[in-house]
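Residues per chain, in single letters:
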Amino acid sequence: MLSVFRKENTGDEYSGYLLWILIAVELFMSFSFLGYVHIKPISITFVYIPVLIAGCILGAKESALVGAVFGLASMWKASAFYVGAGDAVFSPVMSGKPVESIILSVGMRTMFGLLIGLLYQRARKFRYPLVSIILVTSLGRTLHTFLVYLCMQIFFPEAGFTAADTLEDIMRWDYIPFLLAADTIVVFCYIFVRSKYVKDLFRRIRTVDQVNAVVSHYRPGLTVMLVLVLLASVSVAVYFTNRIQTVMSEYGVNLDEEISYDLMHLQIQFLLGMIALALIVIIVITLYQKNFNYLYYEARLDGLTGLSGRQQFFQSGENLLKNMKNSHSENIGSFFILDIDEFKRINDIYGHPAGDNVLKEVADKLKKIFGGKGIIGRLGGDEFVALVNQPLEKVEIETLLNELKESINNICVKNEKITCSIGVIPVEKSYTIEELYKYADRLLYEAKKKGKDQFVFGYRFED
């Protein structure tokens, strides 16, 4: 449990997903009762808690962006005839001072997000950051109130608010309940995103994203689903507005322009809330699907090295090859096969555990040098393969292979240096993945015949 209280750095590999979720949550809370809870005599406002969460678990830039979304939502909500005079100053349409209202609504909320993000950034650097995070979270509401009142004092003095009114906000009934709720929510999010469950989840998602980035293929499903959800949301909103007008007409109620505008204004709020909810659902479904895809992908990996197994490699390689063949360049990539020299002797003399360690180290070297440049697999035994989808020239491939050979030479078993032989062939658009493997295997055989610990290039590279 104490590990939670100590300083801990987290990666940002999943910050994009979390940022979109927080933006959607901010919109949904802004246009639903979840952002404003009224329990007489207490009124608790939660609408800027997503800004605090973004600053705590992501960073200052992300919290500033969520703060800007918060400001835009509040500016839209204030742009109706039914709002009070105190709220109308947040609307560039209703206040009569459009620039000042934009600064108040969006500018101050963006600044609030930036400042709170910087404070969280500082808090996370302490040895026990959780206490500092609680203090920053507790300061959040007061900081936001101060910035808003200060801006109103400068630009809207006629509204009668000053920065000193921040003290009055602290004395409100809902202040302590809000602090307790905000501290609980932010601390829970801080601990949750650092949990093993979340780290493992996004490690799987990152792996799937990396595989999809290399073996790209068109998936219209998610795009179609997003468009359908948006169309459904718009259709519900339009239907709701038309029904209201129809009901009013049936009862002989004639709506003036202001009432019609306010109804449309409310309906757009409803629509934005629906879209935000749909976005949250889509993100959750996407993460679930990617996690499921990883479990399927993992089942087809080589258990010892974590590289693609034979079936996975040839299937992914065929897909990648199809994409490569769409290139207009003649040099579209290369294929190579690697074999560890005297590997059977290593197993016989030093035992299979030593041989397994060599295989794992070779796989690590391959991933380090060729990771992100294509797909890598272990077909069995000491046979490794890679399909590089980057149009590298011969000298560039030589440099990478020499680096690979040198790193493998640094692998030792009882002071015995490990070497490898490699056959390299350029990818031709007429070749299948099986043909590339067959031709590269012949080149590997040539490398073995020439004395091992070297690589042999295919014909076009030699030309």
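Calculation notes
Residues numbered from 1 in each chain as written. Predicted model: local features only at pLDDT ≥ 70, side-chain atom pairs only at ≥ 80, totals over all residues. Heavy atoms only, no water. Helix = DSSP H or I, 4+ residues; strand = E, 2+ residues; numbered from the N terminus. Rg over C-alpha atoms; globule rule 2.2 N^0.38 Å. Buried < 20%, exposed > 50% of the residue type's maximum accessible area, 1.4 Å probe, protein only. Contact = heavy atoms within 4.5 Å. Areas by Shrake-Rupley, 256 points an atom, 1.4 Å probe, with all protein chains shown as cover. Lys, Arg positive; Asp, Glu negative; His and termini not counted. Charge placed at Lys NZ, Arg CZ, Asp CG, Glu CD. Expected span 1.5 Å × (residues − 1). Phe/Tyr/Trp six-rings, centres within 6.5 Å; stacked < 30°, edge-to-face > 60°. Lys NZ or Arg CZ within 6 Å of the ring centre and 35° of its normal. Pairing = 2+ DSSP bridges. Axes fitted to C-alpha atoms, helices over the stretch in contact; angles between N-to-C directions. Salt bridge = Lys/Arg side-chain N within 4 Å of Asp/Glu carboxyl O. pLDDT = per-residue confidence, 0-100. Parallel < 35°, antiparallel > 145°, perpendicular 65-115°, else oblique. Left-handed = near helix turned anticlockwise from the far one by under 90°.

A.B. asks: Honestly, the overall build of the protein in this entry has me stumped. Any pointers?
C.D. replies: When its secondary structure is counted, the protein shows 18 helices and nine strands. Since a compact globule built from 463 residues should have a radius of gyration of about 23 Å, the 30 Å found for the protein marks it as more spread out than a globular shape. Dimensions of the protein along its principal axes, counting C-alpha atoms only, are 90 × 55 × 35 Å. Taken across its 463 residues, the protein has 48% of its residues classed as buried. A fraction of 73% describes how many contacts in the protein between residues 6 or more apart in sequence connect residues 24 or more apart. Carbon and sulfur atoms make up 62% of the accessible area of the protein, which amounts to about 23,900 Å² in all. Separation between the mean location of the 46 positive side-chain charges and that of the 47 negative ones in the protein comes to 6 Å.

A.B. asks: It is not clear to me how helix α16 (residues 394-409) should be interpreted in this structure. Could you clarify?
C.D. replies: Turn by turn, an α-helix covers 3.6 residues, leaving residues three or four places apart pointing in a common direction. Taking 1.5 Å of rise per residue, the 16 residues of α16 would be expected to cover 22 Å, and the 22 Å separating its terminal C-alpha atoms lies within 8% of that figure. Of all the positions in α16, only I397, L400, L401, L404, K405, S407, I408 and N409 are classed as buried.

A.B. asks: What exactly am I supposed to notice about the packing of aromatic side chains here?
C.D. replies: Geometrically, a pair of aromatic rings is defined through the distance of the ring centres and the angle of the planes. All chains considered together, the criterion is met by 15 aromatic pairs. Between Y48 and F70 the ring centres are 5.9 Å apart and the planes differ by 40 degrees, which places this aromatic pair in the tilted class. Residue Y48 is located in the loop between β2 (42-45) and α3 (49-57), and its partner F70 is located in helix α4 (residues 60-77); the two are separated by 22 residues in the primary sequence. Each member of the pair, Y48 as well as F70, is classed as buried. Here Y431 and Y439 contribute two aromatic rings whose centre-to-centre distance is 5.1 Å and whose plane-to-plane angle is 55 degrees, an arrangement assigned as tilted. Y431 gets classed as buried once you look at its relative accessible area, which sits at 13%. Through pairs of rings, three or more aromatic residues link up here, namely F46, Y48, F70, F112 and F178. Positioned above the aromatic ring of F70 is the side chain of R109, whose terminal nitrogen or guanidinium carbon lies 4.4 Å from the ring centre. Seen from the ring of F178, R141 lies directly overhead, with NZ or CZ sitting 5.3 Å from the centre.

A.B. asks: Even after reading the chapter, I still don't get the sheet that holds strand β8 (residues 420-426), so can you show me in this structure?
C.D. replies: A sheet is described by the order of its strands in space; here five strands give the open sequence β4-β5-β3-β8-β9, paired in mixed fashion. This sheet does not close on itself; its edge strands, each paired only once, are β4 (374-380) and β9 (455-457). Strand-to-strand twist across the sheet, computed as the mean angle between neighbouring axes with direction ignored, equals 15 degrees. Here β4 runs beside strand β5 (residues 383-388); their pairing, made up of six bridges, is antiparallel. Within β5, the residue paired with G377 across the bridge is V385. Sitting on the sheet, helix α15 (residues 352-370) is in contact with β3 (334-340), β4 and β5, with an inclination near 155 degrees to β3.

A.B. asks: How should I be thinking about the side chain of E62 in this particular structure?
C.D. replies: Position of E62 among the secondary structure elements: in helix α4. K61 provides the closest opposite charge to the buried, salt-bridge-free E62, at an N-O distance of 5.6 Å. Those residues in contact with E62 that lie beyond four places of it in its chain are L19 and A54.

A.B. asks: Explanation requested: the environment of G117 in the structure shown.
C.D. replies: Here G117 is to be found in helix α6 (residues 98-123). G117 has contacts with G55, A60 and S63, leaving out every residue within four places of it along the chain.

A.B. asks: How should the confidence of the model for the protein be read in this particular structure?
C.D. replies: Reading predicted coordinates in detail is not appropriate for stretches of low pLDDT. For the protein, the average pLDDT comes to 85, and 90% of its residues sit at 70 or higher. Predicted confidence is poor over residues 1-11, with pLDDT under 50, and the contacts of this stretch with residues over four places away or in other chains come to 19 contacts.

A.B. asks: Would you mind showing me how to read the pattern of salt bridges here?
C.D. replies: Pairing of side chains with opposite charge becomes possible as their charged atoms draw close. Inspection of every chain in the model, using the stated rule, returns 14 salt bridges. Linking K448 and D341 is a salt bridge whose minimum nitrogen-to-oxygen distance equals 2.8 Å. Of the two residues, K448 sits in helix α17 (residues 433-449) while D341 sits in the loop between β3 and α14 (343-350), which places them 107 residues apart along the sequence. With relative accessibility at 22%, the residue K448 sits in the partly exposed group. Residues E342 and K452 are paired through a salt bridge, measuring 2.7 Å at the closest nitrogen-oxygen approach.

A.B. asks: Could you clarify how one ought to interpret unusual backbone geometry in this entry?
C.D. replies: Most peptide bonds take the trans configuration, and most residues that are not glycine carry a negative phi. Positioned with a positive phi, K414 is a non-glycine residue whose angle comes to about 55 degrees. Along the chain, K414 falls in the loop between β6 (412-413) and β7 (416-417). The phi angle at D453 is positive, at roughly 50 degrees, despite the residue not being glycine. As for its placement among the helices and strands, D453 is situated in the loop between α17 and β9.

A.B. asks: What is the right way to look at the pairing of β4 in this model?
C.D. replies: Successive residues of a regular strand alternate their side chains across the two faces of the sheet. Among the seven residues in β4, six count as buried, and that is most of the element. Where β4 hands over to β5, the hairpin turn is made up of two residues, of which G381 adopts a positive phi near 55 degrees.

A.B. asks: Which parts of the structure should I look at to understand α4?
C.D. replies: The terminal C-alpha atoms of α4, which comprises 18 residues, lie 26 Å apart, in line with the 26 Å expected from a rise of 1.5 Å per residue. Of all 18 residues in α4, 13 are buried, a share of seventy percent or more.

A.B. asks: Could you clarify how one ought to interpret the environment of G86 in this entry?
C.D. replies: With respect to the element layout, G86 can be found in helix α5 (residues 85-88). It is 77 Å that separates the C-alpha atoms of G86 and I418, two residues lying 332 residues apart in sequence.

A.B. asks: What is the right way to read the packing of α4 against α6 from this model?
C.D. replies: Running from N to C, α4 and α6 point in directions that differ by 155 degrees, and their axes come no closer than 7 Å. Considering the angle they form, α4 stands roughly antiparallel to α6. Both α4 and α6 take part in a crossing whose hand is right-handed. Of the residues in α6, those in contact with A60, S63, A64, G67, A68, F70, G71, L72, S74 and M75 of α4 are I102, S105, V106, R109, T110, G113, L114, I116, G117 and L118.

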